[in-house]
Amino acid sequence: MPRRADRSALVSLSLDAAGATPLHRQLYRQLREAMLAGRLAPGARLPSSRALARELGCARNTVLSAFDQLFAEGYLDGRSGSGTYVSRVLPEGLLPKEASPAESEDAGRRVLSHRGRTLAALFPVRGERPSAFEPGVPDTTLFPFELWRRLLTRPWRGDTGALTRHGDAGGYRPLRQAIADYLRGARGLDCDWRQVFVTSGAQQALDIVARLLLDPGEAAWVEEPGYGGLRGALTAAGARVVPVPLDDEGLDIAAGRKTASDARLAVVSPSHQYPMGTVMSLPRRLQLLDWARAADAWIVEDDYDSEYRYAGPPLAALQSLDRGGRVIYLGTFSKVLFPGLRIGYLVVPDDLVEPLARARRALDDHPGIVAQPALAAFIAEGHFAAHLRRMRRLYKARQDALVGAAEQELAGLLEVAPDAAGMHLVAALAPALAARMNDWQAAARALDAGVTAPALADYHFATPYRQGLLLGYAGVPESEIAPAVRRLARALAA
Ligand SMILES: Cc1ncc(COP(=O)(O)O)c(C=O)c1O
């Protein structure tokens, strides 16, 4: 019996209608990459062109023309009536070793490792999309750039000796101190500056953690749905990524135990799950800590946007409950300042400080110095707290505007409810809309109408079990929210 194509390989397909490459060419490349990386196994049966077009929200002709090209090049077999199969022998297997492919993309494939191919197939190259409603993006136009310019140049006026030598593995000490002080006060963390390691964003932070704590092939639980960047970092570090579903209290630990009882690491976002917004309950937090203790495993707490809470008391971090030194805290300035800064940090338990400082010599040695003194001063002199207060007010107003516009325009199409925190909302498809299309199709229609509203299905690693659209409001000026909601409503109603 031919096997059906692995669902997770098909789920990772995504077409960018705004991209420069034609859709059929994008699909052709992604399918070919999946076959070459082994995610679509030889002999596996692909869905029909009609079914695939429906899932991807594209025209059937797009799929047919991608299939045609793959048939012509020998990647697919067995056309008429009985279905479409991945060839048992891919053209690469028949090529003489010394063949020199003409196209540069073929040359790239030739030199890539198996892992390199897997990584290269994970994400499309970052492209431009309409800013309304791109999730996870802060409004960077309101950042105090004049002040920032001054802070950047200040340390280079005096004695620059200490700045120009190799630095500490954990980063610039005053910045580590400023981060530790902030986290103790704002997040209830129990830490001092030695435990803080400055990194190039949360993504590199997780990469370092995974290399330090996991051997290749060891399992790491991730939240499903969840943030692709962190899954990518785990994959890059050789971990076996195990998606674990959520319930109303957060990560379903019983489900995790059932799927991968041997996991060595769990990556969670307990303050505000990304993207669902669930807050992990106290019993679940304690259960997770118990699991880590009993399994001799680690927990990575991704606290990516906890600063944006609009109602209720701020929630203490999971790390503050940890008595066993099992939690590694991950923070980032991508949401609270701007993502181009590429500064994040780790706060590790005491007994990891020394091994991490040594291991980092073998990785990137230490973070680049240029922005660190400026950021240290920005925090220590109170500008960070002031900026946060301002952005919190602004984002709350933008969320209110989005919910208000949705009430007016999206009834019967999307169900949009307010959230006490965050930078985006997850809108469920109303039953009448869900009867007509899935979230991929809805997202494709939105993009055609100039609105970014990514499908929740895209945040799943395995077969999607939830549908919806993500609507990021933080980066959208209030005056642009209602017009974009109207465009979205027209696109979905058509
Ligand atoms: C859930 C989540 N964690 C972490 C990050 C931050 O990643 P980085 O610091 O690498 O930009 C993001 C950014 O998009 C995110 O959405």
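Residues numbered from 1 in each chain as written. Predicted model: local features only at pLDDT ≥ 70, side-chain atom pairs only at ≥ 80, totals over all residues. Heavy atoms only, no water.

Undergrad: For the overall build of the protein chain, give the residues involved together with the corresponding values.
TA: A tally of regular secondary structure across the protein chain gives 20 helices and 14 strands. Taken against the 2.2 N^0.38 rule, which gives 23 Å for 494 residues, the C-alpha radius of gyration of the protein chain at 24 Å falls within 12% of a compact globule. Its C-alpha atoms give the protein chain principal-axis dimensions of roughly 70 × 60 × 50 Å. Relative to its full complement of 494 residues, the protein chain shows a buried share of 51%. Partitioning the contacts of the protein chain with sequence separation of at least 6, the portion at a separation of at least 24 is 71%. Of the accessible surface of the protein chain, which amounts to about 22100 Å², a share of 53% is contributed by carbon and sulfur atoms. (Helix = DSSP H or I, 4+ residues; strand = E, 2+ residues; numbered from the N terminus. Rg over C-alpha atoms; globule rule 2.2 N^0.38 Å. Buried < 20%, exposed > 50% of the residue type's maximum accessible area, 1.4 Å probe, protein only. Contact = heavy atoms within 4.5 Å. Areas by Shrake-Rupley, 256 points an atom, 1.4 Å probe, with all protein chains shown as cover.)

Undergrad: Provide a residue-level description of the packing of helix 2 (residues 23-36) against helix 4 (residues 60-72), including the pertinent values.
TA: Following both chains from N to C, one finds helix 2 and helix 4 inclined at 50°, their axes separated by 8 Å at the closest point. On the basis of their axis angle, the class for helix 2 and helix 4 is oblique. In the crossing of helix 2 with helix 4, the sense of the turn from one axis to the other is right-handed. Along the contact surface, helix 2 presents Leu23, His24, Arg25, Leu27, Tyr28, Leu31, Arg32 and Met35, while helix 4 presents Thr62, Val63, Ser65, Ala66, Phe67, Gln69 and Leu70. Grouping the amino acids of the contact of helix 2 with helix 4 by side-chain chemistry returns nine nonpolar, four polar and two charged. (Axes fitted to C-alpha atoms, helices over the stretch in contact; angles between N-to-C directions. Parallel < 35°, antiparallel > 145°, perpendicular 65-115°, else oblique. Left-handed = near helix turned anticlockwise from the far one by under 90°. Nonpolar A, V, L, I, M, F, W, Y, C, P; charged D, E, K, R; others polar.)

Undergrad: Which residues make up the site of the ligand, and what are the values?
TA: Near the ligand you find Gly201, Ala202, Gln203, Tyr227, Tyr274, Asp302, Tyr304, Thr332, Ser334, Lys335 and Arg342, and these make up its full shell. The backbone of Ala202 places a nitrogen or oxygen atom 2.6 Å from an oxygen atom of the ligand. Thr332 is positioned with one of its side-chain polar atoms (N or O) 2.6 Å from an oxygen atom of the ligand. Calculation on the ligand without its partners gives an accessible area of 390 Å², and the protein chains cover 92% of this total. (Near = heavy atom within 4 Å. Polar contact = N/O pair within 3.5 Å; in protein donor to acceptor, adjacent residues only side chain to side chain.)

Undergrad: Can you tell me about the sheet that holds strand 1 (residues 45-46), naming the residues and giving the values?
TA: Pairing within the open sheet is antiparallel, and its three strands lie in the order 1-3-2. One side of each edge strand has no neighbouring strand; the edge strands of this open sheet are strand 1 and strand 2 (76-77). Relative to strand 3 (residues 84-86), strand 1 runs antiparallel, the two being bridged by two bridges. Paired with Arg45 across the strands is Tyr85, a residue of strand 3. (Pairing = 2+ DSSP bridges.)

Undergrad: Provide a residue-level description of helix 10 (residues 173-187), including the pertinent values.
TA: Relative to the 21 Å expected for 15 residues at 1.5 Å per residue, helix 10 spans 20 Å between its end C-alpha atoms, a close match to the ideal helical length. Listing the buried residues of helix 10 in full gives Leu175, Arg176, Ala178, Ile179, Ala180, Tyr182, Leu183 and Arg187. Elements in contact with the buried residues of helix 10: strand 4 (196-199), strand 10 (327-332), strand 11 (344-347), helix 16 (372-380) and helix 17 (383-409). Downstream of helix 10 by a residue or two, Gly188 has a phi angle that is positive, lying close to 70°. (Expected span 1.5 Å × (residues − 1).)

Undergrad: Requested: an account of the nonpolar core, with residues and values cited.
TA: Of all hydrophobic cores here, the largest spans 74 residues; its most connected members are Phe133, Phe333, Leu337 and Leu414. With eight residues, the top contributor of residues to this core is helix 17. Mapped onto the domain boundaries, this core takes at least three residues apiece from domain 2 (168-368) and domain 3 (386-493). In this structure Phe133 touches Leu402, Val451, Thr452, Pro454, Leu470, Leu471, Gly472, Val476, Ile481, Ala484 and Val485, once residues within four positions along its chain are discounted. Counting residues in each nonpolar core, the second largest holds 29 residues, with Phe197, Ala202, Ala233 and Leu234 among its members. (Core = buried A, V, L, I, M, F, W, Y, C linked by side-chain atoms within 4.5 Å. Domains from an automatic or database assignment.)

Undergrad: An account of the pattern of salt bridges is requested, with residue identities and associated values reported.
TA: If you walk through the whole model with that rule in mind, you get 21 salt bridges. The partner of Arg129 in a salt bridge is Glu134, and the shortest N-O contact between them spans 2.8 Å. Taking the relative accessible area as the measure of exposure, Arg129 reaches 36% and is therefore partly exposed. Residues Asp262 and Arg240 are paired through a salt bridge, measuring 3.0 Å at the closest nitrogen-oxygen approach. With Asp262 in the loop between helix 13 (253-259) and strand 8 (265-268) and Arg240 in strand 6 (residues 240-247), this pair connects stretches of sequence that are 22 residues apart. The exposure class assigned to Asp262 is partly exposed, which follows from its relative accessible area of 45%. Look at Arg240 and you get partly exposed, because its relative accessible area is 37%. Where salt bridges share partners, they join Asp247, Glu249 and Arg284 into one cluster. (Salt bridge = Lys/Arg side-chain N within 4 Å of Asp/Glu carboxyl O.)

Undergrad: Can you break down the packing of aromatic side chains residue by residue, with the values?
TA: According to the stated counting rule, one finds 16 aromatic pairs in the structure shown. Taking the centre distance of 5.1 Å and the plane angle of 70° together, the rings of Phe143 and Phe338 count as edge-to-face. Within this pair, whereas Phe143 is found in the loop between helix 7 (114-120) and helix 8 (145-153), its partner Phe338 is found in the loop between strand 10 and strand 11, the two being separated by 195 residues in sequence. Pair check on accessibility: Phe143 and Phe338 agree, each one buried. Among the aromatic side chains, those forming a connected cluster through ring pairs are Phe143, Phe145, Trp148, Phe338 and Phe378. (Phe/Tyr/Trp six-rings, centres within 6.5 Å; stacked < 30°, edge-to-face > 60°.)

Undergrad: So what's going on with the pairing of strand 11? Residues and values would help.
TA: Burial of the side chains of strand 11 extends over both faces: Gly344 and Leu346 are buried on one face and Tyr345 and Val347 on the other. As paired strands, strand 4 and strand 11 are joined by four bridges and run antiparallel to one another. Bridging across to strand 11, Thr199 finds its partner in Gly344. As paired strands, strand 10 and strand 11 are joined by four bridges and run antiparallel to one another. Bridging from a neighbouring strand, Tyr329 pairs with Val347 of strand 11.

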